[in-house]
Protein chains: 2
Amino acid sequence: MFQTILYIVVSLVIVQAEYKFETKWFRVPLDHFGFQRNETFEMKYLVNDDNWDQGSGPIFFYTGNEGQIEVFAKHTGFMWEIAREYKAKLVFAEHRYYGASMPFGNKSLDNEHIGYLSSAQALADYADLINYLQGNVIKPRYPVIAFGGSYGGMLAAYFRIKYPHIVTGAIAASAPVHMFTGMVPCGVFNRLVTSSFRTVDTHCSKNIKQSWGVIRQYSSTTNGSEALRKAFNLCTPVKNATDLQVLMEFLQSMYSSLAMVNYPFASDFLTSLPPEPVRVVCQYLNQSLTGDKLLEAIGKVIDIYTNYDKKNKCVDFMKGDDYGNLDAAGWDFQACTEMVMPMCADGVNDMFEPDPWNFTKFADDCHKKYNVYPRVEMARLEYGGNRLQASSNIVFSNGLRDPWTGGGILDSLNESVRAVVIVDSAHHLDLMPSNPSDPEPVKIARNIHKQHISRWIQEFKDQLATTRRF
Amino acid sequence: MFQTILYIVVSLVIVQAEYKFETKWFRVPLDHFGFQRNETFEMKYLVNDDNWDQGSGPIFFYTGNEGQIEVFAKHTGFMWEIAREYKAKLVFAEHRYYGASMPFGNKSLDNEHIGYLSSAQALADYADLINYLQGNVIKPRYPVIAFGGSYGGMLAAYFRIKYPHIVTGAIAASAPVHMFTGMVPCGVFNRLVTSSFRTVDTHCSKNIKQSWGVIRQYSSTTNGSEALRKAFNLCTPVKNATDLQVLMEFLQSMYSSLAMVNYPFASDFLTSLPPEPVRVVCQYLNQSLTGDKLLEAIGKVIDIYTNYDKKNKCVDFMKGDDYGNLDAAGWDFQACTEMVMPMCADGVNDMFEPDPWNFTKFADDCHKKYNVYPRVEMARLEYGGNRLQASSNIVFSNGLRDPWTGGGILDSLNESVRAVVIVDSAHHLDLMPSNPSDPEPVKIARNIHKQHISRWIQEFKDQLATTRRF
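These notes cover the structure that comes with them. (Residues numbered from 1 in each chain as written. Chains lettered and ligands numbered in written order. Predicted model: local features only at pLDDT ≥ 70, side-chain atom pairs only at ≥ 80, totals over all residues. Heavy atoms only, no water.)

## Observations regarding the overall build of chain A
Move 1: The helix and strand inventory of chain A stands at 15 helices and 10 strands.
Move 2: Relative to a compact globule of 470 residues, whose C-alpha radius of gyration would be 23 Å, chain A shows 22 Å and is just as compact.
Move 3: Taken over the C-alpha atoms alone, chain A extends approximately 80 × 50 × 40 Å along its principal axes.
Move 4: Per-residue burial over chain A gives 63% buried out of 470 residues.
Move 5: When contacts within chain A are restricted to residue pairs at least 6 apart in sequence, long-range pairs at least 24 apart make up 72% of them.
Move 6: Accessible area of chain A: about 16700 Å², with a carbon and sulfur share of 49%.
Move 7: Within chain A, one finds 45 positive and 50 negative side-chain charges whose respective centroids are separated by 3 Å. (Helix = DSSP H or I, 4+ residues; strand = E, 2+ residues; numbered from the N terminus. Rg over C-alpha atoms; globule rule 2.2 N^0.38 Å. Buried < 20%, exposed > 50% of the residue type's maximum accessible area, 1.4 Å probe, protein only. Contact = heavy atoms within 4.5 Å. Areas by Shrake-Rupley, 256 points an atom, 1.4 Å probe, with all protein chains shown as cover. Lys, Arg positive; Asp, Glu negative; His and termini not counted. Charge placed at Lys NZ, Arg CZ, Asp CG, Glu CD.)

Below is the structure:
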């Protein structure tokens, strides 16, 4: 169950500029699809109108992910950078049950209140908000372009798929829309993570693969456990099987995150990282290592991942990999209900310990935690799975460095549902602020995005001009 | 508030053939869009596989309206008649909260249970059912064509709009998808009803217009009321203002129904009717009439409408115009929540008493009855209002004799969202069993439907053959 952790890291990217926005609130129904409960609540959204042409300028609308919206507003530099050129209004909408958009205040995530957390309800919130921003008119004036990365990218695509009358087009970056049951092999994510390390140096992935057994062996004795603590600079030693499990998941998550954010420039993440972080950490793993030497090398990897800015005295692995302030607690519930993304490892095609996908256990755990069972077909049925040919005006961009690409759309489906595959790009680099170190393929991808955006806006204007009725 | 009554009449059309089907049940979640309530219930659907090619034959899927599904299965002859040619499986799905598809049994319509009645939930039921019929596979084998008339036509179109990955195309007959707030004038329906009568004879509509005052006047005295009872052959006299109101609404509904079902052949409705019923009733109103004479003539109209088969001894107007067995009680709730269709009359452009659309009163009444307030923008936001250009593979057919055409799509929107306007057709005649008296335009419309259906099926097969992944 890596994805519950991984998603938290997603999109917490570099802040390269100071972006300014107004914070606003908009009241939406708790339930858009029925009337059993008629409460409403206020969702948060951020706005910047500095460049907007109020006559006919487009609305660039970020479909907020699993986290507080400021994080996404601050890090989706692409939208900010093209706002002037398009005379666009920027809107970043916060997803219900994340950040401050809590329908039941600080009790929202309690089991008795969490049930209205779903992508469908969030998209309906966004549709309502856009209707309000358009002035609640029958014939809206402003073309709306949706943007999103990762789960936000899925939402941007889904928004166009379900509300084409409200959203003119969508840039869906690194959106793993195929990462559902039966659609891609459950091992694809971990194979791609492994590939990132193996590409740098086959010793690197082999050493990591080797390390799991060594860690287990060391942690089984008091002396070994103390040696492990020292080698990894852990704040607390591994005292029992639970601690060991947490440590192993922390490390798995670390490797996955390093692959996801394997950017060509230094980035200031949750934790700072050097350029090409996978290459950097593999420096310590570039020859066959065993025992103490192997653990010391892994310890250096951990140090780079957790302490590149030298702010931490030790590695507090027991708090998991969630260093961020995304408030993404709700994601675990979404993963347990509609966003069921099977993940597995086999230890053969990947560098992890074998960890088959056990749906029964997963479902039972979900039921224990939330009193719900996963609905594995829900996302496919609601949003189209691999049958999106009937949709239009979506760009699915995926970086070949990004393990989520294993669940992405890599072939264009028709003339206006396009796949953009970016050779040297990690997780939705194309949405980030531009950087002098940006590889050429990312620059090209951003230009392709702009061509589509321009075309969609023109299409909207043409339709507006030719609509006969009303 | 005519529409609550009118809709009940809709689609109760001629049985010309004996159609056989199996009755089946399928379990669906109470709430498809959230997890607050995790109950399930069984929805009913009817199946006929007699002509089906199980290898690749299409599924013809009727998106059930506001009523028990047998009524629609028995009367949508078009589907039955083309099933053999297309080697199609026929499926008629019952809408939740109608017929026997009751989530909470006979308590379903209680205020504490009715909140999960919505078009969105019904469409998600249908999507689930089709997924099951396809064998719950990632790559479905069978093209699915949705059919529906009236509210069922709206659902057929909405099904394609929201689930293009599940439904290949939709025949949406007489679907008033524009009959929402601000989209068409509230008086359009009653103007078109009036037009049906005026076209036959201007005296006809003038006499009807004249009659309201006469009825009011007669009902204000005991003697007058008795004369009225005799003239109209009422089972009970009009004793008070409430009775009068019910009688007036009954008559309005009668005229609307006569216009809707103004078919060129005799039809066996809720109540039997002769061919060209508007022409027939206008025979009695073809010169200026006043007083007793006028009431007698109206009485003859009532007799034809309620007693053409000579089975009723008197007119039981107090039970309203709901002679049918649609179990359509839920529609009033839908009209009070999402399907808010403003209706009005001005007595100038129509033959009715002035009756302005009073949303405040309407909303208050809804709140009193159901503890909900109408969400007037809901259908437009969810289904696209008049901005369906981004959709595809829908035929909107409308008969120019049908007053609901005032809320229909009469201009094609793009190459595959087509409007078919049928000159001599009343309410979704094109979906009914063929009849020797069918006017030529209806036959042409059915052929156009078949051309589209053939094209959609071919499109599905082409996509199936070229899908590269999985």
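## A word on the interface of chain A and chain B
Move 1: Contacts between chain A and chain B engage 66 residues on the former and 66 residues on the latter.
Move 2: Summed over both sides, the interface between chain A and chain B buries roughly 5500 Å², with carbon and sulfur atoms accounting for 49% of that surface.
Move 3: Of all residues in chain A, A:Phe35, A:Gln36 and A:Arg387 bury the most surface against chain B, accounting for 16% of the area lost on that side.
Move 4: At the boundary of chain A with chain B, the tally comes to zero salt bridges.
Move 5: There are 31 residue pairs in polar contact (both at pLDDT 80 or more) connecting chain A and chain B.
Move 6: Sorting the residues of the side of chain A that touches chain B by element identifies helix H4 (119-133), helix H5 (151-162), helix H12 (330-337), helix H14 (378-383) and helix H15 (440-466) of chain A as the ones contributing at least two each.
Move 7: Among the elements that take part in the side of chain A that touches chain B, H14(A) stands out by supplying five residues, more than any other.
Move 8: Counted by class, the side of chain A that touches chain B contains 25 nonpolar, 26 polar and 15 charged residues. (Buried area = accessible area lost by both parts, 1.4 Å probe. Salt bridge = Lys/Arg side-chain N within 4 Å of Asp/Glu carboxyl O. Polar contact = N/O pair within 3.5 Å; in protein donor to acceptor, adjacent residues only side chain to side chain. Nonpolar A, V, L, I, M, F, W, Y, C, P; charged D, E, K, R; others polar.)

## Here we look at the packing of helix H7 (residues 202-219) of chain B against helix H9 (residues 241-260) of chain B
Residues and elements named next belong to chain B.
Move 1: Between H7 and H9, whose axes approach to 11 Å, the crossing angle comes to 160°. By the angle between their axes, H7 is roughly antiparallel relative to H9. The way H7 lies across H9 gives a crossing that is right-handed. Note on element contacts: H9 touches H7 through Leu244, Leu247, Met248, Leu251, Gln252 and Tyr255, opposite Ile208, Trp212, Ile215, Arg216 and Ser219.
Move 2: Tallied by class, the residues present in the contact of H7 with H9 amount to eight nonpolar, two polar and one charged. (Axes fitted to C-alpha atoms, helices over the stretch in contact; angles between N-to-C directions. Parallel < 35°, antiparallel > 145°, perpendicular 65-115°, else oblique. Left-handed = near helix turned anticlockwise from the far one by under 90°.)

## Notes on the pairing of strand S4 (residues 89-93) of chain A
Residue and element names in this part refer to chain A.
Move 1: When you tally the buried positions in S4, you get five out of five residues, the bulk of the element.
Move 2: Of the two faces of S4, the one holding Lys89, Val91 and Ala93 and the one holding Leu90 and Phe92 are both buried throughout.
Move 3: Sheet topology note: the strand S2 (residues 40-48)/S4 ladder contains four bridges and is antiparallel. When the sheet's bridge partners are listed, asparagine 48 is paired in S4 with leucine 90.
Move 4: Pairing of strand S3 (residues 59-63) with S4 involves five bridges; the strand directions are parallel. Bridge pairing in S4 places tyrosine 62 opposite phenylalanine 92. (Pairing = 2+ DSSP bridges.)

## Some details on the state of the cysteines
All names here are of chain A.
Move 1: Considering all chains together, one arrives at eight disulfides over all chains under this definition.
Move 2: Each sulfur of the disulfide joining cysteine 204 and cysteine 282 lies 2.0 Å from the other. Around the S-S axis, the bridge from cysteine 204 to cysteine 282 shows a dihedral of about -75° and counts as left-handed. Pair noted here: cysteine 204 is in helix H7 (residues 202-219) and cysteine 282 is in helix H10 (residues 277-282), with a separation of 78 residues, a long-range link.
Move 3: Under the relative-accessibility criterion, cysteine 282 is labelled buried at 1%. (Disulfide = S-S within 2.5 Å.)

## Some details on the relation of the copies chain A and chain B
Copies of the same chain, two in number, are related to each other by a rotation about an axis and a translation along it.
Move 1: Note on the copies: chain A fits chain B at an RMSD of 0.1 Å, the axial shift is 0.0 Å, and the rotation between them is 180°. The symmetry that links the two subunits is that of a two-fold axis. Across chain A, the smallest distance between a C-alpha and the rotation axis is recorded for A:Lys162, namely 2.7 Å.
Move 2: When the interface residues of chain A are mapped onto chain B, 100% of them are again interface residues, pointing to one common binding face. (Least-squares fit on C-alpha atoms with pLDDT ≥ 70 in both.)

## Description of the sheet that holds strand S9 (residues 394-399) of chain A
All names here are of chain A.
Move 1: Taken in spatial order, the eight strands make up an open sheet running S1-S2-S4-S3-S5-S6-S9-S10, and their pairing is mixed. Each end of this open sheet is capped by a strand with a single partner; those strands are strand S1 (22-29) and strand S10 (417-422). Ignoring strand direction, the axes of neighbouring strands in this sheet form an average angle of 20°.
Move 2: Examined bridge by bridge, strand S6 (residues 169-173) and S9 share four bridges and lie parallel to one another.

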